[in-house]
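Coordinate analysis (summary)
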Amino acid sequence: MSWPIWKLVLMVALGAWFEIYDVFFTAYIGPGLVESGIFTTSTVNCFGFAGLGLS
């Protein structure tokens, strides 16, 4: 295979790694932020930024 194909495969693999990292990061950090009191489990309105919607 030529270099442009390898570069494309490398970029897709790197993007997938960051996507998986992002999913696991939010899955473990979100409940910790609620437990520490930084976030709440609900918001005042539908578009609030202070809650995670865990209830």
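Higher on the page you've got the structure.
The structure reproduced in this document is the subject of the present report.

Calculation criteria
- Residue positions are counted from 1 within each chain, in the order its sequence is given.
- Per-residue local features are limited, in this predicted model, to residues with pLDDT of at least 70; the limit for side-chain atom pairs, both in listing and counting, is 80 or more; totals at the level of whole chains, interfaces and linings are taken over all residues.
- In computing side-chain values, all of the structure's heavy atoms are included and hydrogens and water are not.
- Helix and strand definitions follow DSSP, with helices as H or I runs of at least four residues and strands as E runs of at least two, each counted in order from the N terminus.
- Only protein chains enter the accessibility calculation, which uses a 1.4 Å probe; a residue whose area is less than 20% of its type maximum is buried, one above 50% is exposed, and one in between is partly exposed.
- The contact criterion used is simple: two residues touch if any of their non-hydrogen atoms lie within 4.5 Å.
- What makes a patch is a set of residues exposed beyond 30% relative accessible area and free of salt bridges, joined within 9 Å when like-charged and within 5 Å when nonpolar (Val, Leu, Ile, Met, Phe, Trp, Tyr).
- Only the protein chains shown count as cover for residues, and the accessible areas themselves come from Shrake-Rupley with a 1.4 Å probe.
- In the sections that follow, a salt bridge refers to a side-chain nitrogen of Lys or Arg positioned within 4 Å of a carboxyl oxygen of Asp or Glu.
- Here a Phe, Tyr or Trp ring, Trp counted by its six-membered ring, pairs with any other such ring whose centre lies within 6.5 Å, and the pair is stacked when the planes are under 30 degrees apart, edge-to-face when over 60, and tilted otherwise.

Glancing now at the environment of Thr40. Locating Thr40 in the fold gives a position in the segment after helix H1 (3–36). On the accessibility criterion, Thr40 (39% relative accessible area) is partly exposed. Taking the C-alpha atoms as reference points, Thr40 and Phe25, separated by 15 residues in sequence, lie 18 Å from one another. Beyond its immediate chain neighbours, meaning those up to four positions away, Thr40 contacts Val34, Ala50, Gly51 and Leu52.

Below, the discussion takes up a nonpolar patch on the surface. Residues Met11, Leu14, Trp17, Phe18, Ile20, Tyr21, Phe24, Phe25, Tyr28 and Ile29 make up a contiguous nonpolar surface patch of about 1,100 Å² in total accessible area. Residue placement: Tyr28 occurs in helix H1.

Now for the packing of aromatic side chains. Evaluation of the coordinates by the stated rule reveals 2 aromatic pairs. Note on Trp17 and Phe18: the rings are 5.0 Å apart at their centroids and 85° apart in plane angle, and the pair reads as edge-to-face. Ring centres 5.6 Å apart and planes at 10° place the aromatic pair Trp17 and Tyr21 in the stacked group. One end of the pair, Trp17, and the other, Tyr21, are both in helix H1, 4 residues apart, so they sit about a helical turn from each other. Exposure remark for Trp17: the relative accessible area of 52% places this residue in the exposed category. Since its relative accessible area comes to 46%, Tyr21 is described here as partly exposed. Taken together, the ring pairs connect Trp17, Phe18 and Tyr21 into an aromatic cluster.

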